[in-house]
Amino acid sequence: MMVKEVFKQLWKDKFARVALFVLGIIYLLLFFADFIAPYTKDFSDRTMAYVPPSKIFTIDENGKLSRPYTYNYIREFDDNTLEIKYKFDRSKKHYIKFFTKGEPYKFLGLIPAKIHLFTTDKGGRIYLLGTDINGRDVFSRLLFGGRISMTIGFLALFVLFPIGLLYGGISGYFGGKVDTLMMRFAEAIMSIPSFYLLIILASILPPGMTSTQRFLLIVIILALIGWAGFARVVRGMVLSIKNQEYVQAAQSIGASKFRIIVKHILPQTTSFVIVAMTLSVPSYILSESGLSFIGLGIQQPDASWGNMLKEAQEFTNIIYRPWLLTPGILIFISVLAFNLIGDTIRDILDPQSKVR
């Protein structure tokens, strides 16, 4: 079935359409994160730890319509409750400006720029989703951290699927002892508890590694763990495909075994590959988030949704600082959207699965 036809039918399903729209918005925000975020990924103001989300006012004290503005927070210590509290500094308004110069950054890490979607005037601070324990803007870090959490799955698939396709194709095509030996090895890999192996491998990574190096190694680890199950399914499909007439015709004209596998057999597994890819991405998002949550993934000060969610494991933060739960909400929404799209694509490419 043509990709255009699949997308057309996918768009007809209202749940899949909403999921596509949600993922489209998320990836668009992540792509323009440097421009949209009011602060850079290195911004920190430790005097403003756990500041609640800024309130934006459009009505002034006289009840008249005004340009959007906000107030800075003043930090105070309550001697009675022994708590740090924040209140508005109403002595000065800070107006919100759009498409103006702010902190310098490099768009996509390459193009120097200073223009941000929104900022405040000099001396003002705006925190749409509050700050964390180090006084870092949660909204900005969500955008930068999402780039890691939402791309790691696709990068792992680029490593995993070629290995699984080729391994399963060779095993199914040759059969016999080759098939037996290759499948026993794949089953041995599948028998290893993947998440625990992931924890072990991530924990032995050198502590001096940069987050970029750690990110790439986690991608490779995820791929090396996940290829075996995929290869096993491909092998089963190849066993039935290799007896087709067009394969026998290719054999009769002297085509090499590798060419037959790559050019004639594996393309017939495209529908399964598409479904498997869409359903695999959520698991890798959760794996990265889980590793970062327990401190074995992306390390501070670099952000990912997993290590940002770590602060929310404290009961007091859940009760008094609910904005710290935002990364978990985004993980849930993203995983749900991918699963809805994957299930719909499976129903389109294999209508019998929907009947079953």
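Check the entry above for the structure.
**Some thoughts on a nonpolar patch on the surface**
Where nonpolar side chains cluster on the molecular surface, the patch consists of Leu28, Phe31, Phe32 and Leu108 and spans about 350 Å² of accessible area. Looking at where Leu108 falls in the secondary structure, it is placed in the loop between strand E3 (83-107) and strand E4 (111-120). Among the residues examined, Leu108 registers a relative accessible area of 41% and is labelled partly exposed.

**Observations regarding the packing of aromatic side chains**
Counted according to the given criterion, the structure contains 21 aromatic pairs. Taken together, the ring pairs connect Phe57, Tyr69, Tyr71, Tyr73, Tyr86, Phe88 and Tyr95 into an aromatic cluster. It is Arg67 that lies over the ring of Tyr95; its NZ or CZ is 4.4 Å from the centre.

**Some remarks on helix H2 (residues 14-31)**
Spanning 18 residues, H2 covers 26 Å between terminal C-alpha atoms, matching the ideal 26 Å at 1.5 Å per step. Taken residue by residue, H2 has Ala16, Ala19, Leu23, Ile26 and Leu30 as its buried positions. One side of H2 holds all its buried residues, which, seen down the axis, span an arc of 90°. Exposed and oriented more than 90 degrees from the buried face of H2 are Lys14, Val18 and Phe21. Between the side-chain oxygen of the N-cap and the backbone nitrogen of Phe15 there are 3.0 Å, and the N-cap of H2 in question is Asp13.

**Regarding the nonpolar core**
Core analysis: the biggest nonpolar cluster contains 64 residues, and Met150 and Phe230 have the highest contact counts within it. A total of 13 residues in this core trace back to one element, the largest contributor, which is helix H7 (residues 211-241). Beyond its immediate sequence surroundings of up to four residues, Phe230 is in contact with Leu160, Phe161, Gly164, Leu165, Phe272, Val273 and Ala276. Residues Phe57, Tyr86, Phe88 and Tyr127 belong to the second largest nonpolar core, which totals 20 residues.

Reading guide: rules and limits
Residues numbered from 1 in each chain as written. Predicted model: local features only at pLDDT ≥ 70, side-chain atom pairs only at ≥ 80, totals over all residues. Heavy atoms only, no water. Patch = residues over 30% accessible without salt bridge, like charges linked within 9 Å, V, L, I, M, F, W, Y side chains within 5 Å. Areas by Shrake-Rupley, 256 points an atom, 1.4 Å probe, with all protein chains shown as cover. Salt bridge = Lys/Arg side-chain N within 4 Å of Asp/Glu carboxyl O. Helix = DSSP H or I, 4+ residues; strand = E, 2+ residues; numbered from the N terminus. Buried < 20%, exposed > 50% of the residue type's maximum accessible area, 1.4 Å probe, protein only. Phe/Tyr/Trp six-rings, centres within 6.5 Å; stacked < 30°, edge-to-face > 60°. Lys NZ or Arg CZ within 6 Å of the ring centre and 35° of its normal. Expected span 1.5 Å × (residues − 1). Arc of directions from axis to C-beta. Polar contact = N/O pair within 3.5 Å; in protein donor to acceptor, adjacent residues only side chain to side chain. Core = buried A, V, L, I, M, F, W, Y, C linked by side-chain atoms within 4.5 Å. Contact = heavy atoms within 4.5 Å.

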